[in-house]
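The chain contents come next:
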Amino acid sequence: MTNILSNSSQFPKMFHYLVVGFGLIIFTSCANYSLSSEELKWNPYNVGDVLVFVDNKGAMMNLKITSLDRNVSKINPYAGNFSGKYEQLIVNYLFINGPDRELHTLLAIGKDPKGRGFFNPTLEIPRIIHQSDPFSFDELQRKAKTQLTVRGKTYIDVLLFNPTTPSETLAIPHITKLYWSISKGYVKFALSNNTIWELQS
């Protein structure tokens with residue numbers, strides 16, 4: 001298999017922090033901002049995990065989870081004001097033999113000053129636009145779960161996300177469908193150029 005990303009330049013990271021903080025910008029007052037153990041379970045990843053994705057053209061990309069950054073802040077930097085404490089967990093990864101050695105965001109989970117949590121499947125990949133949307137934990141609980149078989153393995157707890165179509169040029173590939181297993185994480189995603197990436201291991 002060839003690595004489609006190994007010799008290509010990185011697409012500008014225009015959404016790197018915007019998508020991570022989007023779910024936090026509208027919240028303003030004080031309450032229980034700490035992420036609970038149940039909310040933290042929405043992150044299935046651990047430091048050192050390696051994700052191998054293969055596309056429908058035989059290309060491969062390998063991602064290694066490098067950090068789970070959990071922090072509490074008194075200022076919401078995305079809102080630009082003193083909005084009270086909030087907590088967030090950001091999952092970062094590096095490419096193995098990929099286009100760069102920079103950290104990329106895989107997932108963000110947070111809780112606002114009113115005690116409302118959010119889940120943002122950011123999945124930041126160079127040269128691919130993903131205009132991700134944050135979801136409240138209540139929304140996730142209400143979403144219908146489906147069964148999906150990916151490369152011979154069946155997942156029974158899959159949520160389907162349909163990311164917002166980007167306002168930028170549609171000539172740049174962007175994610176149109178995202179399949180998330182509650183127990184495993186990302187298992188499949190489809191691009192606007194008909195490329196489909198599936199989790200191999």
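The paragraphs below set out a description of the structure included in this document. (Residues numbered from 1 in each chain as written. Predicted model: local features only at pLDDT ≥ 70, side-chain atom pairs only at ≥ 80, totals over all residues. Heavy atoms only, no water.)

### Some details on the overall build of the protein
Our working rule: Each helix corresponds to a stretch of at least 4 residues labelled H or I by DSSP, and each strand to a stretch of at least 2 residues labelled E; elements are numbered beginning at the N terminus. Three exposure classes are used, based on accessible area relative to the maximum for each residue type with a 1.4 Å probe and protein chains only: buried under 20%, partly exposed in between, and exposed over 50%. By definition in these notes, contact holds between two residues if any of their heavy atoms fall within 4.5 Å. Values of accessible area rely on a 1.4 Å probe in the Shrake-Rupley scheme; residue burial ignores everything except the protein chains shown.
When helices and strands are tallied, the protein shows three helices and 11 strands. For the protein, the succession of helices and strands along the chain, N to C, is α-α-β-β-β-β-β-β-α-β-β-β-β-β. The burial tally for the protein puts 49% of its 201 residues in the buried class. Put simply, of all contacts in the protein between residues at least 6 apart along the chain, 55% involve residues at least 24 apart. On the protein, roughly 9,600 Å² of surface is accessible, and the fraction owed to carbon and sulfur atoms is 52%.

### Some remarks on the nonpolar core
As a reminder of what qualifies: Working definition of a nonpolar core: buried Ala, Val, Leu, Ile, Met, Phe, Trp, Tyr and Cys residues. They are joined through side-chain atoms within 4.5 Å.
The biggest cluster of nonpolar side chains holds 39 residues, and the ones touching the most others in it are F53, L106, F119, Y186 and F189. Ignoring any residue separated from it by four or fewer positions in sequence, one finds L106 in contact with Y45, L51, L63, I65, V91, Y93, P121, T122, L123 and Y186.

### A word on unusual backbone geometry
Phi at R127 takes a positive value of approximately 70°, unusual for a residue other than glycine. Its place among the elements puts R127 in the loop between β5 (117–120) and β6 (135–136). Residue R127 is classed as partly exposed on the basis of its relative accessible area of 37%. At R151, a residue that is not glycine, the phi angle is positive and equals roughly 50°. For R151, the position within the fold is in the loop between β7 (146–150) and β8 (153–161). On the accessibility criterion, R151 (42% relative accessible area) is partly exposed.

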